[in-house]
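# Survey of secondary and tertiary structure
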Amino acid sequence: MYDIENIRADFPILERTVYGHPLVYLDNTATTQTPRCVVDEITRMYYTSKANVHRGVHALSQEATALQEATRERVRAYINAASTREVIFTRGTTESINLVASSYGNFLENGDEIILTVMEHHANIVPWQLLRRRKRITIKVVPINERGELKMNAFRSMLSERTKLVSVCHVSNVLGTVNPVKEIIAEAHAMGIPVLIDGAQAAPHMHIDVRDLGADFYAFSAHKMYGPTGIGILYGRESLLKQMPPYQGGGEMISHVAFDHTTFAELPYKFEAGTPDFVGIAALSRALDYIDSVGIDSIAAHEHDLLTYTTGRMMEIPGMRIFGTAPDKSAVISFLIGNAHHYDTGMLLDKLGIAVRTGHHCAQPLMTALGIEGTVRASFAMYNTREEADRFIEALHRIAPMLA
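Everything numeric here is computed off the predicted structure, so don't read it as measured data.

## Focus: the overall build of the protein chain
Scanning the protein chain for helices and strands turns up 14 helices and 17 strands. By the compact-globule yardstick of 22 Å for 404 residues, the protein chain fits well, its C-alpha radius of gyration being 22 Å. Summarising its shape, the C-alpha atoms of the protein chain cover approximately 70 × 55 × 35 Å along the three principal directions. In the protein chain, buried positions account for 57% of the 404 residues. When contacts within the protein chain are restricted to residue pairs at least 6 apart in sequence, those whose partners lie at least 24 apart make up 71%. By element, 52% of the accessible surface of the protein chain is carried by carbon and sulfur atoms, the whole surface being about 16,900 Å². Of note, the protein chain has its 38 positive side-chain charges centred 5 Å away from the centre of its 45 negative side-chain charges.

## So, the pairing of strand S17 (residues 375-379)
A regular strand places its side chains on the two faces of the sheet in alternate fashion. Counting buried positions along S17 yields 5 of 5 residues, so the element is predominantly enclosed. Side-chain alternation along S17 places Thr 375, Arg 377 and Ser 379 on one buried face and Val 376 and Ala 378 on a second face that is also buried. When strand S16 (residues 357-359) meets S17, the two strands line up antiparallel, connected through 3 bridges. Note on S17: the bridge partner recorded for Arg 357 is Arg 377.

## A look at the packing of aromatic side chains
This model, assessed by the stated rule, comprises 8 aromatic pairs. Aromatic pair Tyr 104 and Phe 107: ring centres 5.5 Å apart, planes at 85°, arrangement edge-to-face. Assessed through its relative accessible area of 11%, Tyr 104 is described here as buried. Members of the aromatic cluster, joined through ring pairs, are Phe 11, Tyr 226, Tyr 290 and Tyr 383.

## Overview of empty space enclosed by the protein
The full count for this structure, using the stated rule, is 1 cavity of 30 Å³ or more. Size it by volume and the largest cavity reaches roughly 50 Å³. Contributing to the lining of the largest cavity are Asn 28, Thr 29, Val 171, Gln 201, His 205, Ser 330, Ala 331, Val 332, Ser 379 and Phe 380. Within the lining of the largest cavity, the residues separate by chemical class into 4 nonpolar, 6 polar and no charged.

## Re helix H4 (residues 93-103)
Counting buried positions along H4 gives 9 out of 11 residues, so the element sits mostly inside the fold. Contact partners of the buried residues in H4: strand S4 (87-90), helix H5 (126-134), strand S8 (195-198), strand S9 (217-221) and strand S10 (232-236).

## Some remarks on the pairing of strand S7 (residues 163-169)
Most of S7 sits inside the fold, with 6 of its 7 residues counted as buried. By the bridge criterion, 3 bridges tie strand S5 (residues 113-117) to S7 in an arrangement that is parallel. Each residue of the ladder has a partner; that of Ile 114, found in S7, is Leu 165. In this structure, S7 lies alongside S8, joined through 4 bridges in parallel fashion. Bridge pairing in S8 links Val 166 to Val 195.

What counts and what doesn't
- Residues numbered from 1 in each chain as written.
- Predicted model: local features only at pLDDT ≥ 70, side-chain atom pairs only at ≥ 80, totals over all residues.
- Heavy atoms only, no water.
- Helix = DSSP H or I, 4+ residues; strand = E, 2+ residues; numbered from the N terminus.
- Rg over C-alpha atoms; globule rule 2.2 N^0.38 Å.
- Buried < 20%, exposed > 50% of the residue type's maximum accessible area, 1.4 Å probe, protein only.
- Contact = heavy atoms within 4.5 Å.
- Areas by Shrake-Rupley, 256 points an atom, 1.4 Å probe, with all protein chains shown as cover.
- Lys, Arg positive; Asp, Glu negative; His and termini not counted.
- Charge placed at Lys NZ, Arg CZ, Asp CG, Glu CD.
- Pairing = 2+ DSSP bridges.
- Phe/Tyr/Trp six-rings, centres within 6.5 Å; stacked < 30°, edge-to-face > 60°.
- 1 Å grid on protein atoms, 1.4 Å probe; cavity = no way out; pocket = protein on both sides within 12 Å on 5 of 7 lines; lining within 4 Å.
- Points joined across faces, edges and corners; volume = space filled by probe spheres on them.
- Nonpolar A, V, L, I, M, F, W, Y, C, P; charged D, E, K, R; others polar.

Nothing here speaks to function; it is all geometry.
Structure (structure tokens):
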């Protein structure tokens, strides 16, 4: 049984009021809230085990190091990577993608091509554009159909001997579309092309098995899966990571330094320069434990119920326009009410205690393709309820006449 009351009790922020109304937090695609156990672990680390990792022989340093490396193993198991050497700690999905663009990008040559999709977050667009400034590469973009699904025939037609990387999101942060990444990877691998998957919107909502997918790189963030901010993961296939040069230079990522020559540490430390957020890393392990305690399949079913229920009720509102209607969809609803500006809708909802996101959601090329400036986005997490969905719908009914 899905015990929603006990789950909600673990998230104190859900007890807040906003402008005199109980908070209904529907901005989970941007960041999820954090359960007590994760915050408790952060507090415990600062009070009992704060010391730099891999640097000291003293007890505190050894404890912090053990906790960080235990988390690395926890992440390895969570995504079914082959080795902890394939798990790199970063500051988030954005830095993970930038790492690949900067490091793996060194292998690209003038005339090479990279394939993206029109639904990508800016974090999976701009790093490749920065690479294009250094190398005369070509970026190709897979379009979508009217339901927000990738046009797979167009993708296949773009694959060629010039294609050196495919980089796509697992789930769209705007449309909620769950892309057929396993099929995309298989198609690319048939031509010897590696694939990076932006998993920021997938990891909190579904089981991730990087070996089953066949992914060469997979990136995601802790703060979108009930963990601390400032922590990200890059999974990379070991054979590729071994070839890639370091992303940053500094302490920890070295083996030996002299002024005339430096040798680098083994994986994964070659890509982890400087002092990491070892406190946040240890807390990430608690977040993964918490997800497992609820069950990722149970979470997915609960969120799908909220998605289906809320979508159906929203369509009762005159002028409602929902963007992203793919059958395989995550619990994200991007919408507009008639021609009302998304910002006005979001501001009115906020005054009623409903927290949603407005704007282009760091996906301006997608907005251009949709012919709009932005949307209002409501997104669900494990702790949201049908009662909250009802309050959201009631608020929409209340404000819709004001926006006409």
